[in-house]
Amino acid sequence: MDLPEKTEWTLQKKLTRGNALLLILILGLGGSFQNGYHITSLSSPSPYIQSFINSSWCDRYGELPPPKTLTLMWSAVVSMHAVGGFFGALCVKFTTGLLGIKKTIICNSVIAVVAAGIILTSKYANSFEMIIIARGLYGFTSGLGMSIQLMYLGEISPRKIRGMVILTARIFLSIGKLVGQIFGLSEILGREELWNFVLCVPNCFSLVQLLVLPCFPEGPRYLLIEKGDHEACKKALQSLWGQGEYEEEIEEMKAEQVAIEVAQPKGPLLLLRDSSIRWQLITMLVIRGCMVFSGMSTISIFSYDIFLEAGIPPENIRYITLGLGVSEIFTYVFCGFLIECAGRRPLLWGGFGAMSTTLVLITVTLTLK
């Protein structure tokens, strides 16, 4: 075994000696997994939820809602997840500075459980407004939870495999999307009388987080930098990676903090005016913009309506959407290994090229329909 292989093997062995892998699993199931689930789980019960909005409105006002009103209510149910996610992401710095990463995740799990309770009781309370509120809370927990998950994964993982560890967040996201499609099958929970239960399945993992996460240590970097507790930081590293001194890792954290303190803090406007990082910002905006406007989220949320419009029988649509989830998981896992061999630029060019070609073909076929 040569030196690089031996070094990599030692790092992986160190990671498995402690509780880091278990923590990665718990963070994934309680974080990005839930975000992915809530993206796709709304597609399958969408006709049942719209029917519930109709019946709820009719019972309250004695008549069916106008089509525009129904569309507005359904749009609110869908979009509140994104609105809540926006505010959740904005709260990351404040909550982590006030409570620390672990306590913030615990509080986030409590909010997710409350949202599940609102969803479950909305059907019996005959209130579609409760669905909108719960979707907003789900979005808030997704925005806050996924951001904190990435921060926590960065803190607990060795630097040489940090990229692969952080990639697990995206893998759990795609697994959550697939599980959301599976539970939407009529053989499981995809029936009209169970639509409110479909939307609450991932919150079982929120309860697991509430029970298990207090047994894990706070983030090592938070303990060292924010609390100034060298011994607590060392104990956290030992709990995650196994027994050792870890002085090198602690010194690395201190050096990174010194570099951050030396650098002049910049607000958003100063950051945009800084010519030294202008191309980096443009690159990030272009890449993220292409991902957002690719339509992937739209397909995940409205897959039922899209395939129904395409003429696919309703009883077969839920099975076809499973292919979307399987292909996404395969792509994340495959690219995680491929990125170190092929590099980022060829993968970006290839991915965006294939995406552009596909969108052109979709546009042409829809025009000639």
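Residues numbered from 1 in each chain as written. Predicted model: local features only at pLDDT ≥ 70, side-chain atom pairs only at ≥ 80, totals over all residues. Heavy atoms only, no water.

### With respect to the overall build of the chain
Line of reasoning, step 1. When its secondary structure is counted, the chain shows 20 helices and 0 strands.
Line of reasoning, step 2. For the chain, buried positions account for 42% of its 369 residues.
Line of reasoning, step 3. Counted over contacts in the chain with a minimum sequence separation of 6, partners at least 24 positions apart contribute 76%.
Line of reasoning, step 4. For the chain, the accessible surface area stands at approximately 20,100 Å², while carbon and sulfur atoms represent 69% of it. (Helix = DSSP H or I, 4+ residues; strand = E, 2+ residues; numbered from the N terminus. Buried < 20%, exposed > 50% of the residue type's maximum accessible area, 1.4 Å probe, protein only. Contact = heavy atoms within 4.5 Å. Areas by Shrake-Rupley, 256 points an atom, 1.4 Å probe, with all protein chains shown as cover.)

### What about the pattern of salt bridges?
Line of reasoning, step 1. In this structure the tally under the stated criterion is 2 salt bridges.
Line of reasoning, step 2. When the shortest N-O distance is used, the salt bridge between R60 and E129 registers 2.6 Å. With a gap of 69 residues between them, R60 in helix α4 (residues 46–61) and E129 in helix α8 (residues 128–156) connect regions that are remote in the sequence.
Line of reasoning, step 3. Judged by relative accessible area, which is 37%, R60 ranks as partly exposed.
Line of reasoning, step 4. In this structure, E193 and R191 form a salt bridge, with 3.2 Å as the shortest nitrogen-oxygen distance.
Line of reasoning, step 5. When its relative accessible area of 46% is taken as the criterion, E193 is described as partly exposed. (Salt bridge = Lys/Arg side-chain N within 4 Å of Asp/Glu carboxyl O.)

### Observations concerning the environment of A236
Line of reasoning, step 1. Of note, A236 is situated in helix α13 (residues 230–241).
Line of reasoning, step 2. Spatially, the C-alpha atom of A236 lies 6.9 Å from that of E218, the residues being 18 residues apart in sequence.
Line of reasoning, step 3. Not counting residues within four places of it along the chain, the set of residues in contact with A236 comprises P217, E218, P220 and L223.

### Thoughts on helix α5 (residues 67–90)
Line of reasoning, step 1. Taking 1.5 Å of rise per residue, 24 residues should cover 34 Å, and α5 covers 35 Å from first to last C-alpha, within 8% of that figure.
Line of reasoning, step 2. S79 marks the point of greatest bend in α5, at about 35°.
Line of reasoning, step 3. For α5, the complete set of buried residues consists of T69, L70, M73, W74, A76, V77, V78, H81, G84, G85 and G88. (Expected span 1.5 Å × (residues − 1). Bend = angle between axes of the 7 residues up to and from the residue.)

### Observations regarding the packing of helix α2 (residues 20–30) against α8
Line of reasoning, step 1. Two numbers describe how α2 lies on α8: the axes approach to 11 Å, and their chain directions differ by 175°. In terms of orientation, α2 lies roughly antiparallel with respect to α8. Mapping the contact onto sequence places A20, L23, I24, L27 and G28 in α2 and Q149, Y152, L153 and I156 in α8.
Line of reasoning, step 2. Broken down by class, the residue content of the contact of α2 with α8 amounts to 7 nonpolar, 2 polar and no charged. (Axes fitted to C-alpha atoms, helices over the stretch in contact; angles between N-to-C directions. Parallel < 35°, antiparallel > 145°, perpendicular 65-115°, else oblique. Nonpolar A, V, L, I, M, F, W, Y, C, P; charged D, E, K, R; others polar.)

### Some details on the packing of helix α6 (residues 92–99) against helix α7 (residues 101–125)
Line of reasoning, step 1. Running from N to C, α6 and α7 point in directions that differ by 115°, and their axes come no closer than 7 Å. With respect to the hand of their crossing, α6 and α7 are arranged in right-handed fashion. Contacts from T95, T96 and L99 in α6 reach I101, K103, T104 and C107 in α7.
Line of reasoning, step 2. Tallied by class, the residues present in the contact of α6 with α7 amount to 3 nonpolar, 3 polar and 1 charged. (Left-handed = near helix turned anticlockwise from the far one by under 90°.)

### Overview of the environment of Q238
Line of reasoning, step 1. Along the chain, Q238 falls in helix α13.
Line of reasoning, step 2. Setting aside chain neighbours within four positions, we find Q238 in contact with Q243, G244 and Y246.

### A few points about the packing of aromatic side chains
Line of reasoning, step 1. Taken as a whole and judged by the stated rule, the model has 6 aromatic pairs.
Line of reasoning, step 2. Aromatic pair F52 and W195: ring centres 5.2 Å apart, planes at 50°, arrangement tilted. Placement of the pair is F52 in helix α4 and W195 in helix α10 (residues 195–198), with a sequence separation of 143 residues.
Line of reasoning, step 3. We classify F52 as buried; its relative accessible area is 8%.
Line of reasoning, step 4. Members of the aromatic cluster, each reached through a chain of ring pairs, are W57, Y61 and F128. (Phe/Tyr/Trp six-rings, centres within 6.5 Å; stacked < 30°, edge-to-face > 60°.)

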